[in-house]
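# Overview (structure and organization)
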Amino acid sequence: MSYDRYNYQPNFKPVDHLFDDRLRQFTDGGGQFHDLNLPKFYYLEKIGIGGLKSWRVPDVDGKTARPLFKDIDFDNLEWENIGPGYSFGPSWKSFWVKLEIEIPEHWLSHEIIEIDWDSSSEALIYDHKGLPLQAFTGGERNLFRIPHKYRVTDRQTFYIEVACNGMFGNGADGHPDPNRYFRLNHADLGLPNMEARRLFWDFWILGDAAREFPGGRWEKYQAADVCTKIMDAFDPDDVKSVATGRKLAQKLLGTKVDSELVFDEFANNEIRRIDVYGIGNCHIDTAWEWPFAETKRKIVRSWTTQLRLADDYPEYVFVASQMQQFKWLKQYHPEIYSLVKEKYTTNQFLPIGGSWVENDTNLPNGESLLRQFLLGQRYQFNEFGFYSNIFWLPDTFGYSSQIPQICQLVGISRFLTQKLSWNNINQFPLSTFNWKGLDGSQVLVHMPPANTYTAGAHFGDVVRSQQQHKNLRDIPTGLLLFGHGDGGGGPTEEMIEKLRRCRGLSNTAGGLMPTVHLGNTVDDFYEEVLAKSNNGADLPTWVGEMYLEYHRGTYTTQARIKRFMRYGEVKLHDVELVTALASIKSKHYKYPAEKILALWEDLCLCQFHDVVPGSCIGMVYYDEVYPMLDELVANADKLIDEALEVLGGKSTINLDNLTFFNTLPWNRNNELLEISQTQQPELYQLISNDQVSVRDVYEKDTKLVSVSTNDEGKLKLNSIEDIKYPASVTQTSDGQFILSNELIKATISSTGIITSLYDIVNDREVIATESTKQTGDGIVGGNQYLIFDDEPLNFPAWDTELYSLNKFKLLSGGEVTVLSNNKLKSSILVKIKISDRSYLETEISIQGLLASKPDDQDFNYIKFKTFVRWHEKYKFLKVQFPTTVYTATQANYETQFGVTQRPTHWNTSWETAKFEVAHHKFMDLSEFNYGVSVINSSKYGGAIHGNLIRLSLLRSPKAPDDQADMGDHTFEYALYPHKGYLGSDTVKLGYNFNYKIEKHLFEDPASSFSKLINSIKLEAPENLILSHIKRGENDYDVNQYEAYKTQSTEKSIVLRIYESLGGATSGLLKFGPILKVAKVFKTNGLEEEGVEVEFNDKYELPISLKAFDVVTYKVVLKD
Ligand SMILES: [Zn+2]
């Protein structure tokens, strides 16, 4: 080697930040220098498309119409001539644009010809026969590669369906803007220089490597050096310099990045390899900032686009969840649906997830959660021939402690989410782990470390998939979910091209860059995790609920959807029970299987993770969801009435033969029933003439009666004489009110605060009256309403924040009047002004009891029925009960099929985070020998801290629906003090409180309803709940799917039983001879037969459940 002796021209040392900053100039389409850099060569030619014509779809009944292509008569439309600069609008409207193009002949020899369309909105291009080809999303996806069959020089027509909304509807920060317009920026026909475009992608990844790799690493400087050389070699007057640049890029990217072959190569440092599996997806929220009606179009737009991408990139794998969305596609675009099925056979378009929609998991009840999968898995099996083995739920607001168990019941052992990375207090500590649920069942969980399910597949996303992985030590692999969601149409070609280059970089440079894979499925990834973790046994375990430390307002927002959900679930329980019984009783009764399936599909649809949480725009609720659920209830009632007619007949009403509608599997005692003169005049008259316990309630023309069931399930009207512990209300000389039934006694201040609830039998005061920061220093006691300032940092409909707990007003100044003083029920009415716009009225009542001795008491509780006129802004209404249970460190909250315990203290930030939590029909604070439950009829939010129980009632967020919860509300709750720890009485009261003694009163002279309902009996300790009775899903007269068709004409009954409190328990299932039981099978949640179980000659079947077990029996009846 020779070394020059003299240095005539000194060199400078490059200044890193200047050189790095310069890199942006090379690909920047704007700025001063684009003509001197790569953008100069992006297109060989580009021509504007002239002669555009547009038709605005007229509204139907004042609402946006979204007709299908096949329903439009294109020859007879009034077209308007338009061009760039035209504005489509206003918000939500729909347009069709006619586009005629002629491709210049000399273009045909080139690789790609494109249509470049930017209407600033979502749009979908169709061919002239109406086949959807690909979506455009203004700003995100403007290019459409003209497929080969359309590469002809003849003049040809395409149509573009323009939707007047963006990816995220029409404004996410508040009420959607009704007057948004979408500008047509351009409509061009383009002939791109694909080598220039490829250099652009090369340079993008290399530039990111130069900027984002950490200092001190050779990879960073190599990347910077290559980029600089590419720029230095570039000559804007010589298109060949593009090829020179690509050659230089190969030094770090390798030679394979232009095809899928890049994924076949590996760096030769296998031992240190960290694998990242890229999976395309497009997370379409089934409703959110847009209605269901628009979602139906988002689906075809997004999935058509993905089919195109799968054609162009053989290594590309796309997954889509939510069978409801598949069903819509099949219904509206069967031609695209069959293309989806084709790509399924090549493993490129994979249905995933198992559920009907990506549902909320806090609010639906246990049966609903199971039905999400029963609907989803069966639909998927019928269409694609397999069950999903993964619950795909990237974006839901927290995860119930029973998800692992419910997943295992429906054949799912894997789970994916990402949402916990949104926690706003604690960082969730794991990425890949076992999640153990309430009953001990587990699922294998992965949370993609890039902390997004809509990654842009950037260099940084790939690197973060490694760097942010929480337990790489356990398992050196992660998933990267990429693709625009919500109408962005999923991944773009650019994303796949970037991933090819990331892989090229790791093949040559290795080390800092994880090895990104395309072509593998989600299954492959989980298989690899199992293979590398001793089948999961080596992975860490998370036990119990996966609480999302965010979006805590969603347990309360949009009270009406919550009420509908609880009520709808009860209705569907009742429908399935009575129709099942009717179909057993009568051969002439046709089981309404299709209608019942449709009801469940609608209810499950409304459990979507923005619908039931209350976080959609108003249009979703007022135009779609509430009418849908109103109809659901009406249809359910109709089905119930029809079935009852089969079961009993209801010609004349005779008090002696009257059966009332108790659909719970236990007797009801002393239930109060309101009989309305307008709705049930005949019955009203009979009762008015009868000498039973009767009184007028404060609603006009309504009588109240007390009813019980006897062992045959027949109605019994209780008489005044039956009441051993009569209710009463008295006013003391100092203005207080005493409500008592001689077993408990409530003292209520003249302003409506319960200052004492004394349990006479157990000699126990229930209400605490010490003044604290939370109770204030006025009159302290129970049923104290509070109004909190509720101004969250983000997402008003979703969020309520910790600091709100310190800023509240106790509502005072209540006015109390005696409403009724009656042995059956005594009550007072408390009226409280909330503001100049809002007030509430609560009836506080106590019931007279029938029991002959105190220990045998009926459920003895104080009931609250509240009417609220609510016109507030960013306020949160709650009610609180300070109790004398001072030291319990855990409180109990009912979850789907069990109880979740949560701390009552704020020891660490993890407990602080749970300042507002979800529950179902009750929450409970108990010490070992005494406790207090709060039962509710339609509420889901609440919290118990220290000795204080708070039930969340109403919120008033102004975005995305500024009308959310405005107006009138009625709801009920109860305070139930009980001897001993939380027990089955609270569980049952929760049921009784929600499963009202319905006014489906009917005559049952032959007792057929009673006999049938009594032919299925669970004899067991009361913590075992027979929660659901329905027809077998696969029976010939129930099943709606080709794949499950059977020759058998057997009928079966399916029973769901669960252990509700957390202790292994045995019992006996008894079937009456009327049922004609042939065989009994234990099944999974999909009703697939497992082992046959023996019963004795008395048709008795011993059953045994583990703590929090949920079991399903299929009872096959003789033909
Ligand atoms: Zn979502």
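A brief report on the enclosed structure follows. (Residues numbered from 1 in each chain as written. Predicted model: local features only at pLDDT ≥ 70, side-chain atom pairs only at ≥ 80, totals over all residues. Heavy atoms only, no water.)

## What to know about the overall build of the protein
- The helix and strand tally for the protein stands at 19 helices and 56 strands.
- Relative to the compact-globule value of 32 Å for 1119 residues, the protein shows a C-alpha radius of gyration of 33 Å, a close match.
- The dimensions of the protein, computed from C-alpha atoms along their principal axes, are 115 × 65 × 60 Å.
- A separation of at least 24 residues holds for 76% of the contacts in the protein among residues at least 6 apart in sequence.
- Of the roughly 41,800 Å² of accessible surface on the protein, 49% is carried by carbon and sulfur atoms.
- Of note, the protein has its 118 positive side-chain charges centred 1 Å away from the centre of its 150 negative side-chain charges. (Helix = DSSP H or I, 4+ residues; strand = E, 2+ residues; numbered from the N terminus. Rg over C-alpha atoms; globule rule 2.2 N^0.38 Å. Contact = heavy atoms within 4.5 Å. Areas by Shrake-Rupley, 256 points an atom, 1.4 Å probe, with all protein chains shown as cover. Lys, Arg positive; Asp, Glu negative; His and termini not counted. Charge placed at Lys NZ, Arg CZ, Asp CG, Glu CD.)

## Focus on the coordination of the zinc ion
- Protein coordination of the zinc ion is provided by His 283 (NE2), Asp 285 (OD), Asp 395 (OD) and His 609 (NE2), with donor distances spanning 1.9 to 2.2 Å.
- As a motif over one chain, the donors of the zinc ion read H-x1-D-x109-D-x213-H. Of the two residues, Asp 285 sits in the loop between strand 13 (275-280) and helix 5 (292-312) while Asp 395 sits in the loop between strand 16 (390-392) and helix 9 (403-409), which places them 110 residues apart along the sequence. Just as Asp 285 is buried, Asp 395 falls in that class too. (Donors = N, O, S within 2.8 Å, 3.2 Å for Na, K, Ca; no water. Buried < 20%, exposed > 50% of the residue type's maximum accessible area, 1.4 Å probe, protein only.)

## Considerations on the sheet that holds strand 16
- The sheet built from five strands is open, its strands ordered 16-17-19-18-22 with mixed pairing. Two strands lie at the open edges of the sheet, namely strand 16 and strand 22 (541-543), each paired on one side alone. Ignoring strand direction, the axes of neighbouring strands in this sheet form an average angle of 30°.
- As defined by bridge partners, strand 18 (residues 432-436) adjoins strand 19 (residues 442-446) across five bridges and the pair is classed as antiparallel. Paired with Lys 436 across the bridge in strand 19 is Gln 442. (Pairing = 2+ DSSP bridges. Axes fitted to C-alpha atoms, helices over the stretch in contact; angles between N-to-C directions.)

## Some details on the pattern of salt bridges
- For the structure on display, the rule yields 74 salt bridges.
- The residue Glu 315 makes a salt bridge to Arg 500 at a minimum N-O spacing of 2.6 Å. Here Glu 315, found in the loop between helix 5 and strand 14 (318-320), pairs with Arg 500, found in helix 11 (residues 493-508); they are 185 residues apart in sequence, far enough to count as distant.
- Note on Glu 315: relative accessible area 6%, which makes it buried.
- On the basis of relative accessibility, which here comes to 4%, the residue Arg 500 falls in the buried class.
- Ionic pairing is found between Lys 571 and Asp 637, a salt bridge with its closest N-O pair at 2.7 Å. Residue Lys 571 is found in helix 13 (residues 559-585), and its partner Asp 637 is found in helix 15 (residues 618-647); the two are separated by 66 residues along the sequence.
- Several salt bridges share partner residues, and in doing so they unite Glu 111, Glu 195, Arg 198, Asp 202, Arg 246, Asp 258, Glu 315, Glu 497, Arg 500 and Arg 501 into one network. (Salt bridge = Lys/Arg side-chain N within 4 Å of Asp/Glu carboxyl O.)

## Observations regarding the pairing of strand 30 (residues 744-748)
- Within strand 30, four of the five residues are buried, which leaves it mostly tucked inside the rest of the structure.
- Relative to strand 30, strand 29 (residues 737-740) runs antiparallel, the two being bridged by four bridges. Each residue of the ladder has a partner; that of Ser 740, found in strand 30, is Lys 745.
- Of the pairings in the sheet, the one linking strand 30 to strand 31 (residues 754-759) comprises five bridges and is antiparallel in character. When the sheet's bridge partners are listed, Lys 745 is paired in strand 31 with Tyr 758.
- Count of turn residues in the strand 30/strand 31 antiparallel hairpin: five residues, of which Gly 752 carries a positive phi of about 95°.

## Examining helix 3 (residues 218-233)
- Under the 1.5 Å per step criterion, the end-to-end length of helix 3 is 22 Å for 16 residues, consistent within 8% with the ideal 22 Å.
- Of all the positions in helix 3, only Glu 219, Lys 220, Ala 223, Ala 224, Val 226, Cys 227, Thr 228, Ile 230 and Met 231 are classed as buried.
- Each element contacted by the buried residues of helix 3 is listed here: helix 1 (16-27), helix 2 (194-212) and helix 4 (240-253). (Expected span 1.5 Å × (residues − 1).)

## Focus: the sheet that holds strand 54 (residues 1089-1093)
- Spatial strand order, 50-51-56-53-54: five strands in an open sheet with antiparallel pairing. Of all the strands in the sheet, the pair left with one neighbour each is strand 50 (1024-1031) and strand 54. Strand-to-strand, the axes of this sheet are offset by a mean angle of 30°, without reference to chain direction.
- Looking at chain direction, strand 51 (residues 1052-1059) and strand 56 (residues 1110-1117) are connected through seven bridges and run antiparallel. Within strand 56, the residue paired with Val 1054 across the bridge is Lys 1114.

## Focus: the packing of aromatic side chains
- Counted under the stated rule, the structure contains 66 aromatic pairs.
- Here the aromatic rings of Phe 381 and Tyr 1044 are separated by 5.4 Å at their centres, their planes lie at 45°, and the arrangement is tilted. Here Tyr 1044 lies in the loop between strand 50 and strand 51 and Phe 381 lies in helix 8 (residues 366-384), a separation of 663 residues in the sequence.
- Overall, Phe 381 belongs to the partly exposed group, its relative accessible area being 26%.
- Here Trp 666 and Tyr 991 contribute two aromatic rings whose centre-to-centre distance is 5.6 Å and whose plane-to-plane angle is 85°, an arrangement assigned as edge-to-face. On the criterion of sequence distance, the pair formed by Trp 666 in the loop between strand 23 (658-661) and strand 24 (671-676) and Tyr 991 in helix 18 (residues 984-994) is long-range, its members being 325 residues apart. Taken as a pair, Trp 666 and Tyr 991 share a single burial class, namely buried.
- It is Lys 419 that lies over the ring of Trp 422; its NZ or CZ is 3.3 Å from the centre. (Phe/Tyr/Trp six-rings, centres within 6.5 Å; stacked < 30°, edge-to-face > 60°. Lys NZ or Arg CZ within 6 Å of the ring centre and 35° of its normal.)

## Some points on the packing of helix 5 against helix 6 (residues 323-332)
- Between helix 5 and helix 6, the shortest axis-to-axis distance is 10 Å and the interhelical angle comes to 80°. By the angle between their directions, the pair helix 5 and helix 6 is classed as roughly perpendicular. On helix 6, the residues touching Phe 292, Thr 295, Lys 296, Ile 299, Val 300 and Trp 303 of helix 5 are Gln 325, Phe 326, Trp 328, Leu 329 and Tyr 332.
- Broken down by class, the residue content of the contact of helix 5 with helix 6 amounts to eight nonpolar, two polar and one charged. (Parallel < 35°, antiparallel > 145°, perpendicular 65-115°, else oblique. Nonpolar A, V, L, I, M, F, W, Y, C, P; charged D, E, K, R; others polar.)

## Side note on unusual backbone geometry
- Pro 90 follows Gly 89 through a cis peptide bond whose omega is 0°.
- Take Pro 90: it is sitting in the loop between strand 4 (87-88) and strand 5 (94-101).
- Here Ala 457, not a glycine, exhibits a phi torsion of approximately 55°, which is positive.
- Mapped onto the elements, Ala 457 comes out in the loop between strand 19 and helix 10 (459-467).
- By relative accessible area, which is 0% here, Ala 457 ends up buried.
- Of note, Gln 558 is a non-glycine position whose phi angle comes to about 60°, a positive value.
- Residue placement: Gln 558 occurs in the loop between strand 22 and helix 13.

## Focus: the nonpolar core
- Among the nonpolar cores identified, the biggest contains 262 residues, and Trp 303, Phe 326, Phe 415, Leu 505, Val 611, Val 625 and Phe 1071 are the most heavily contacted of them.
- At 14 residues, helix 15 tops the list of elements feeding residues into this core.
- Formed by 30 residues, the second largest nonpolar core is a distinct cluster that contains Tyr 86, Ile 115, Tyr 150 and Ala 187. (Core = buried A, V, L, I, M, F, W, Y, C linked by side-chain atoms within 4.5 Å.)

## Some points on the side chain of His 969
- In this fold, His 969 is placed in strand 47 (residues 967-979).
- Engagement of the side chain of His 969 in a polar contact is seen with the backbone oxygen of Asp 965, the distance being 2.8 Å.
- For His 969, the residues in contact, after removing those within four places along its chain, are Ala 559, Thr 866, Phe 867, Val 868, Trp 870 and Leu 954. (Polar contact = N/O pair within 3.5 Å; in protein donor to acceptor, adjacent residues only side chain to side chain.)

## Topic: the environment of Asp 439
- Among the structural elements, Asp 439 can be located in the loop between strand 18 and strand 19.
- Residue Asp 439 is classed as buried on the basis of its relative accessible area of 17%.
- In the structure, Asp 439 is positioned 620 residues away from Glu 1059 in sequence and 9.7 Å away in space, judged by C-alpha atoms.
- Beyond its immediate chain neighbours, meaning those up to four positions away, Asp 439 contacts Gln 405, Ala 1107, Phe 1108 and Asp 1109.
- Side chain to side chain, Asp 439 and Ser 441 meet in a polar contact 2.8 Å long.

## What about the side chain of His 333?
- Locating His 333 in the fold gives a position in the loop between helix 6 and helix 7 (334-345).
- Residues contacting His 333, with those up to four places away along its chain left out, are Leu 68, Tyr 126, Pro 132, Val 300 and Trp 328.

## Details of helix 12 (residues 522-532)
- Among all positions of helix 12, only Val 522, Phe 525, Tyr 526, Glu 528, Val 529 and Leu 530 are buried.
- Once helix 12 finishes, Asn 534 follows within two positions and takes phi at roughly 60°, a positive value.

## Looking at the packing of helix 2 against helix 4
- At a minimum axis separation of 10 Å, helix 2 and helix 4 run at an interaxial angle of 35°. As helix 2 runs across helix 4, the sense of the crossing is left-handed. Residues Glu 195, Ala 196, Arg 198, Leu 199, Asp 202, Ile 205 and Leu 206 of helix 2 pack against Val 242, Gly 245, Arg 246, Ala 249, Leu 252 and Leu 253 of helix 4.
- Across the contact of helix 2 with helix 4, the residue classes tally to eight nonpolar, one polar and four charged. (Left-handed = near helix turned anticlockwise from the far one by under 90°.)

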